[in-house]
Each structure stands twice: as structure tokens, then as C-alpha cells.
Amino acid sequence: MAQGAVHHEPHHEVSIWPLPIGVGVLLMPISFTMFFHYGWQLPGLIAGGVGLALILVGAAGWANEHFTAEKEEGFGWVGILSFIISEVVIFGTLFAAFWTARVTHADEWSAWVPEGISLGMAGILTLILWASSFTIFRAETALEEEGDSGKALTWVFLTFALGLTFVVLHVKEWIHLWGEGFTLSSHMYGTGFYALTGLHTSHVIVGLIAQIYAMWLLASGRMNREKPTMLRATSAYWHFVDVMWMLVAGTAYLVGTAAL
Amino acid sequence: MREAISVPYLKAGLKEWIFTTDHKKIGILYLTTTYIFFLVAGLFGLVIRFEQNSPGYQIVPPDFYNYLLTGHGAVLLLWWGIASHIGGLGNFLLPLMIGAKDVAFPRLNALSWWAFFGASVLVLLTLIPGNHIKMMWTGYPPYAGNPDAGVTALYVFIIHLIGVSSIATAVNFITTYIKMRAPGITFWNTNMFVHALIAANVIQLVGVPSIAGAVTMLLLDTYLGTNFYNPAKGGDPLIYQNVFWFYSHPVVYVMILPIFGMFSEIVSTFSRKPLFGYTSMIFAIWCITFLSFIVWIHHMFVSGVPDWARVLMSYTTILIAVPTGIKIFNWMGTLYKGAIILRVPMLYALGGIFMFLIGGLTGIPNAMVAIDLGISDSLFIVGHFHYVLGMALTFGIFGGITYWFPKMTGRMYPENIGKLSFWLIFAGANIFYFFQMIAGILGNPRRYPDYPPIPEWVTLHHIQTIGALILGVGILVYTVGLIKGLTSGEEASDNPWESQSLEWRLPSPAPVDNFGDEPPKVEPDYHPYKYGAPPAF
Ligand code: HEM
Ligand SMILES: [Cu+2]
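Worth saying up front: this structure is predicted, and the values here are computed from it rather than measured.

**Q** Looking at this structure, I do not really get the overall build of chain A. What am I missing?
**A** When helices and strands are counted, chain A shows eight helices and zero strands. Secondary structure elements of chain A, listed N to C terminal, follow the sequence α-α-α-α-α-α-α-α. With respect to the principal axes defined by its C-alpha atoms, chain A has extents near 75 × 50 × 30 Å. Here chain A holds 260 residues, and the buried ones make up 37% of them. For chain A, long-range pairs separated by at least 24 residues make up 77% of all intrachain contacts whose partners lie at least 6 apart in sequence.

**Q** In this structure, what is going on with the overall build of chain B? I would like to understand it.
**A** The number of helices and strands found in chain B is 15 helices and zero strands. By the compact-globule yardstick of 24 Å for 537 residues, chain B fits well, its C-alpha radius of gyration being 23 Å. The principal-axis extents of the C-alpha atoms in chain B amount to approximately 70 × 50 × 45 Å. Of all 537 residues assigned to chain B, the portion counted as buried reaches 60%. Restricting the contact set of chain B to residue pairs at least 6 apart, pairs at least 24 apart contribute 83%.

**Q** Help me understand the site of ligand 1 in this model?
**A** Residue and element names in this part refer to chain B. Around ligand 1, the surrounding shell holds 23 residues, and the nearest of these are V252, G363, N366, S376 and L389. Going through the elements one at a time, helix 8 (250–271), helix 10 (307–335), helix 11 (344–367) and helix 13 (379–409) are the ones with two or more residues in the shell around ligand 1. In the shell around ligand 1, the residues fall into 13 nonpolar, nine polar and one charged.

**Q** What exactly am I supposed to notice about the interface of chain B and chain A here?
**A** Interface size, as often reported, equals the accessible area lost upon joining of the parts. The interface of chain B with chain A comprises 60 residues on the first partner and 46 residues on the second. When contributions to the side of chain B that touches chain A are tallied by element, the ones reaching two or more residues are helix 1 (14–18), helix 4 (106–125), helix 5 (152–179), helix 6 (192–224) and helix 7 (237–248) of chain B. Tallied by class, the residues present in the side of chain B that touches chain A amount to 38 nonpolar, 13 polar and nine charged.

**Q** What exactly am I supposed to notice about the confidence of the model for chain A here?
**A** Note: predicted coordinates in regions of low pLDDT should not be interpreted at a detailed level. With 95% of its residues at a pLDDT of 70 or more, chain A has an overall mean of 91. Note that pLDDT drops below 50 for residues 1–7 of chain A; the model gives that stretch three contacts with residues more than four away or on any other chain.

**Q** Would you explain the domain arrangement of chain A in this entry?
**A** Here chain A is described as being made up of domain 1 (1–71) and domain 2 (74–257). Averaged C-alpha coordinates put domain 1 of chain A and domain 2 of chain A at centres separated by 26 Å.

**Q** What is the right way to look at unusual backbone geometry in this model?
**A** Leaving glycine aside, a negative phi is the common case for residues, and trans is the common case for peptide bonds. Residues and elements named next belong to chain B. Between P141 and P142 the backbone carries a cis peptide bond, its omega angle lying at 0°. A cis amide bond links S508 with the next residue in sequence, P509, at an omega value of -10°. Here P509 lies in the segment after helix 15 (455–488). At K337, a position not held by glycine, the phi torsion is positive, near 60°. Within the element layout of this structure, K337 appears in the loop between helix 10 and helix 11. Residue classification places K337 among the exposed residues on the basis of 9 C-beta atoms within 10 Å. Notably, E498 is not glycine yet its phi reads approximately 50°, a positive angle.

**Q** Can you walk me through the nonpolar core in this structure?
**A** Note on soluble globular proteins: their nonpolar side chains tend to be buried together. Counting residues in each nonpolar core, the largest one holds 235 residues, and the members touching the most others are V156(A), I158(B), L257(B) and A392(B). Each of two domains, domain 1 (1–71) and domain 2 (74–257) of chain A, supplies a minimum of three residues to this core. When near neighbours in sequence (up to four residues on either side) are disregarded, V156(A) contacts I136(A), A139(A), Q211(A), A214(A), M215(A) and L218(A).

**Q** Can you help me understand the confidence of the model for chain B in this one?
**A** When pLDDT is averaged across chain B, the result is 95; 98% of the residues are at 70 or more. Our summary of model confidence lists the complex with pTM equal to 0.93 and ipTM equal to 0.93.

**Q** Got a minute to help me understand the packing of helix 5 of chain B against helix 6 of chain B in this structure?
**A** The axes of two packed helices give the description: the angle between them and the distance between them. All names here are of chain B. Two elements in contact, helix 5 and helix 6, have axes separated by 8 Å at closest approach and are oriented at 155°. When the interaxial angle is binned, helix 5 and helix 6 end up roughly antiparallel. In this structure, helix 5 crosses over helix 6, and the sense of that crossing is left-handed. Grouping the constituent residues of the contact of helix 5 with helix 6 by class yields 20 nonpolar, eight polar and no charged.

About the thresholds
- Residues numbered from 1 in each chain as written.
- Chains lettered and ligands numbered in written order.
- Predicted model: local features only at pLDDT ≥ 70, side-chain atom pairs only at ≥ 80, totals over all residues.
- Helix = DSSP H or I, 4+ residues; strand = E, 2+ residues; numbered from the N terminus.
- Buried ≥ 20, exposed ≤ 12 C-beta atoms within 10 Å, placed from the backbone.
- Contact = placed C-beta atoms within 7 Å.
- Rg over C-alpha atoms; globule rule 2.2 N^0.38 Å.
- Near = placed C-beta within 6 Å.
- Nonpolar A, V, L, I, M, F, W, Y, C, P; charged D, E, K, R; others polar.
- pLDDT = per-residue confidence, 0-100.
- Domains from an automatic or database assignment.
- Core = buried A, V, L, I, M, F, W, Y, C linked by C-beta atoms within 7 Å.
- Axes fitted to C-alpha atoms, helices over the stretch in contact; angles between N-to-C directions.
- Parallel < 35°, antiparallel > 145°, perpendicular 65-115°, else oblique.
- Left-handed = near helix turned anticlockwise from the far one by under 90°.

Structure below.
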């Protein structure tokens, strides 16, 4: 782009990638409405599949355009920080629902707590996320301070492995609890528990996708010491997911099971 | 002024419009779409008006009436109230006013537009009879999850897609303002429109996720059997109302702050005086932004919330009147001893300030719990918010469009048509909404197609219909003016209003790359409102 004094012929800026993502984003609600509201399973699944494919293709093309054609402006950092503010509020709405129910239904609550829910599991999950916040921090310093992409790649990979373990253990925990009859619709504890942990895990998964992408960028040399914003953003997001987990676990596990 | 060849941004092929990442073209796409939605939702409003003209059912069945009312509210709030001036004028003007080449994330901006476009498609889908949404724009459970209320999923996803678009735009605009101001453009000489736009987007950033959470819980309750709003299993429908209004009160300031910003631009230019109280204006904007998040209970005075919450938020609501009053005072101060020039943008700005004044004054009684218990959910409320929201907003957007029309199109908006449309709209709106408030005080509830045949009420409804018709004709005349201006309007010079503000230093219509590769150089004492001498026009 702009390189000092070189004169550029003014031209129309275009990119073909936002459009397919936009169409994909539109197909998601249409898919849900067909599937759940009208009960048209097959068309619903097809619309959802096409939508997802469009989003992935669009995102890949977009990313490629960004990393091959442009110089790094470093705006991404401010962008991700403001986005995280928004995210906090989304969690806030579920906390509001959970805590209100916990307070106004304190007398019935103990009957809702399932046998198999274990604070030990919450503890293990917490340790895993703590470790992963440390590893991604190391990845960042490796890239920004030492300029060592290989080392950064290793640390991102460790983060990814920890994150994946978190998801697997968490899903096992859900299956176990669900089998005990503790479901989304049993009562407000079930609803609040799965909603909070589910929303959180969906964020972990977004973080994992970002890490896969960061690893590819590091391995292919597209991201380096001069262009570290993507890794910084991934890391900021991951720290947010980690901090949020403490609030989620504190609510879904501790406040949920404590006898008040 | 740049000597290099300037390519007008408008001169682009179809492909360049569809795949554009240019903030100006994206702004025009928003503005056109929202204008069309405004006209259609306005027609819905006229049908609603005719239905209420006399007691009994007149022209539409009650079920369809509910659809019309839901569509009217949702589209006018979300399309006209937010997207027209944030996505539309905001996109077009923000980079021009701060001397930037584009927004911080041009592709994300295009994605915002496509998500908004998706929401528009979903709205069009609700036109199909089986797809109607009839839960009113507020979507309160338990009714909103009831089959009678229509396709809950579509209601929820319309808000989701608008939400995605809004959050992405907020991230984009805030980053743009922080990072991309040209050297010399500081917090203390930024245009009032930009200050207001950024404050509005801060509200969006914090608020939109809240309504998104509210409707997501509604969706889960309706389709996946969760219990958020189900009291039988520990949930609580009031959660919805709280989380919904935590955004939906502040959103009225998302809607009105940029309008205030436009009033400031226009009033200063057409009084040929610096904006009075510039600093206090910025202070007022941020006060309002903060206070707007701690008043939401005033929408729930009759919902069964504790007294302490009602009293507390009654006070905070009244407190907001202070910064709002400061703004009105400042516009008056700007006008005072100014060389006032009554061109079309100025007429609309002054009319809009008047409408806001009436709306603001009728808002204060709503804020008192004891009074609101009597008038809540009456036509008084509807009259009140059509003054502040419906009309102050529409006057602002109409004024803004005529003011920046030269920069957007290279032509002037026709003066005579503009003046005619203004007086029609001003007269029609006041006849309509003033008597609507009276009907409300007499006890006429809102949202019903029918009412008892009390002679006084019937007369009041007839008067309202006449007002609404005049208003409708006025909007039509304004629209004709837009088309005439676009096709055969007088060619505009670069700075027809002799404004001091940065965006007017560009050719009309603006060139595709704004100021070129280098940021514009502004004088050390640059200020957008540095007026003194009377203009030559
Ligand atoms: C000047 C200060 C204002 C005050 C004191 C005020 C006060 C209120 C109150 C207390 C209500 C709730 C009434 C009820 O439902 O019983 C209300 C409703 C409403 N206000 Fe305002 N308001 C103000 C400004 C605004 C502005 C600037 C807008 C929009 C730009 C606005 C738009 C609305 C809307 C749309 C409703 C109806 C909400 C519904 O569907 O129930 N108000 N106002
Ligand atoms: Cu409010």
C-alpha cells in the first residue's frame, strides 16, 4: 500500500470475501428456522452446511488477502480489546439470569443439584486453562521479543493441546451429568449450568480455531516479528476466555452447589 | 487542494459497488436501503392510523394489525433510527471529518453491511403470510414464545444479525477514531457529529450484547426447552425485561446523539457562528452516555419491580434532562445574534430541535413513578416518543441528507421542494402527535386496533388521521426532491455552505480515495466551527 512518495492512481477498493461470509451468516438463521420452527430437517441441514462452508471459504480468502497484500497497521489490537468489552456483556446476561434464580429460588435449589457434579473436575479444568494462559504468553514473548517464530509455534501448539484437552474433558462431564437426568430443561440450575458452560466452551473453540490459524501463519512465515498483531489478539482473547472461566466455574460449580 | 486527478467515488461499475470496501459507497448502500425501509414501514404506520380512525375494526384483521405494528416499530427503530445515520451518514462522514482514507477495517465494514443486508432479507421474509412476527418490537415473553406471536426465530435472528452488524461497526468506528485521525485533528477540534457518533458506538458496544442475550434466551426457551423465563422451573420473565431495557433505553441515545451532532453542525454553519459551548457539549454527550445505562427501570414502572429501584431510576432519568438541557441551551446560544440563514438543512435542524424540546418536556412526567402509573402504555407515551424519536430523528436525518447531499451526489437538493416538504411534515407531525398525546391522557391505551366509541376520542382520532396524511404527503414531497436532486439538481460547488469543516475541502462528490495517500494538512488552529464573516451565498 502507501509507500512514501510513490504516486498512486486513485482506484475503487474492493474485496470479494465479505460477501460470501455475509451470505453464510444469513443462511445460519434461515437454517435454524427451517429446522426448528418448521421442522424441515433436511433443507435446514443443507442451508446450515452451505452457510458454514461459505463462511469458512470467505474467512480463508479474507485472511489470505490480509496477510499477503497489506502492511500491518496494528489496529487489530484496539479492535480486539473493544470486542472483548462486548463479549463480557453477553456473559453478563446469563449471569444475571443465573444469579437471580439462585437467589429467588434458594429454598428449592438444593433439590436441583445433581449427585455427580464434582468440584474436583472444575478444579482440573481451571488448572488446564491457567497453564494454557501461561503457554500463550510465552508464545507472544517468543515472537515479539526474541523474534523466534519456531519457538512461538511450539508454545502456541502447547496452548492448543491444553485447550483441546479442556474441551474433551468438559464434554465428557456434560455427557455424564446429562445421563444423570440433569438437563437443559430440568430446572433453572440445569438451564443456567449448560448455558454458561456452553457459551464459555464455544468461546474456547473459537480461541482454538484462532490458534490453528496462528500456527499456520507462523509456520508459513506470514506472521513474524513485524506482523505480530494476530498473535497478540489471539492471546488477548485467550486470556479473556481464561478469566471468564473463573467467573463461569465460580458460578456454575461453586455458587451452584454451595448450600446457602 | 490536491492537483492530482480526482475520481468521484460514485463513478463505479456494478462489480465495484457489490464488492466495495469503500466507506462512502457502503454509507450510500445503507442510506438507500434504510430510506426504502423507512418508506415501507411508514406506510405500515398509515394503515395502522386508518385502522384506528374509527372504533371497531376498519380495514385489517387484528392479527395482521399486530404484524403491521411489530414491523413498524422494529424497522423504524433499527433501520431508520440506527442504521440510517450510523451505517449511512456515519460511514460516509467519519473518515472525511477526521481526514482518514477509510475506516480502520474496511473489509469488516463491508461485512457489517452484508450482515445488515441479511437482517433486511429476514425482514422481507416476514412479509410472507406464514412468517409474520406479531410479538411487538419489544418481544416480551411469555407472549413472544407463543405460536400466536408468529415466528419467534425470525424475530430473534433479525435482532442477532443487526447486532452482529452493530458490534462490528462499533469496533470499527471506535478504532478508526482512536487510531486514524489526521495530524492536527484532536479531541478538542473534532466535529460534534463525530463525538456523538463515537459515544453512540460505545453504547452499541456495551449495549447490543445485552439485547442479544435477552433474545437468545427467548430463542432457547422457545425451541430448546430451557427455563430462563419459565417461573414454574425457577426462571423469571422479568429477566427479559431488565436485560432488554438495559440496551433498549441507551439505544434511544444511539439514535438521538448523532442527530444532535448533525443539529450542531448545521446550526453553527447556518448561524455563521462558532458552536456555543463546544466543550460543555462534549461533556454533555459523555454524561448522557454514562447515565443512559442506569435509567432502564423507567420502562418497568408497572412491571412489578421493587420501590427502591423505581425511585432510584426515576431520579437518574430526571438527571439526564440536565445534560440534554445543556445541549438545547447551547444551540440557542449559537443562534443568538447569529446571521441565521434559513436554507432547507437549517429549517430541518430548527424544526428537529423544536420537536425534541416538546418530546423532552413530555418525557419528564413519564419519569415520575406516580404519573407514569397512570399514563404507561397509553397513547401519551406513543405521542411522546414520536416527538423525540420519530420526529426529532427524522428531521435530523432529512436535514443531514440535504446538508451533505452535495458531498454525496455532487448536486444540490432542490430548495423549494425542500421547504415545502419541511412545512408539510412540521404541520402534519404536530397535528398528529399532539392530539395523540391528548387521547392518551384521556385514557386511550396503546397497541389496540379498537377502542370504545367515546365521541371525544373519535374526534381526536380523526384529527390525528388528518395530521398523519399531511405528514405522509410531506415525506412523499421530500422523496420527490431526492429524486429530482439526484437526476437534475443544480451542480454543487465543493463547499456550497462555506463550511469550515474538513469534509468540505474535498471536491463534490468526494473523490474515491478521499484525501489521497497523504493525510490532509490542517492549520494549527483548525476548528470545524471557526465562523466569523457572513457567507457569500
Ligand atoms: C428527554 C428525556 C426523556 C425522558 C425523561 C424519557 C422518558 C421516558 C419514559 C419514562 C418512558 C417509559 C414510559 C412507559 O412505558 O410507561 C419512555 C418511553 C419511550 N421513550 Fe423516552 N424519554 C426521554 C427521551 C427519549 C428519547 C431521546 C427517545 C428516542 C430517541 C425516547 C424514546 C422512547 C421510546 C421509543 C419509548 C417507548 C418504549 C416502549 O415501547 O415502551 N425517549 N420515555
Ligand atoms: Cu428509556
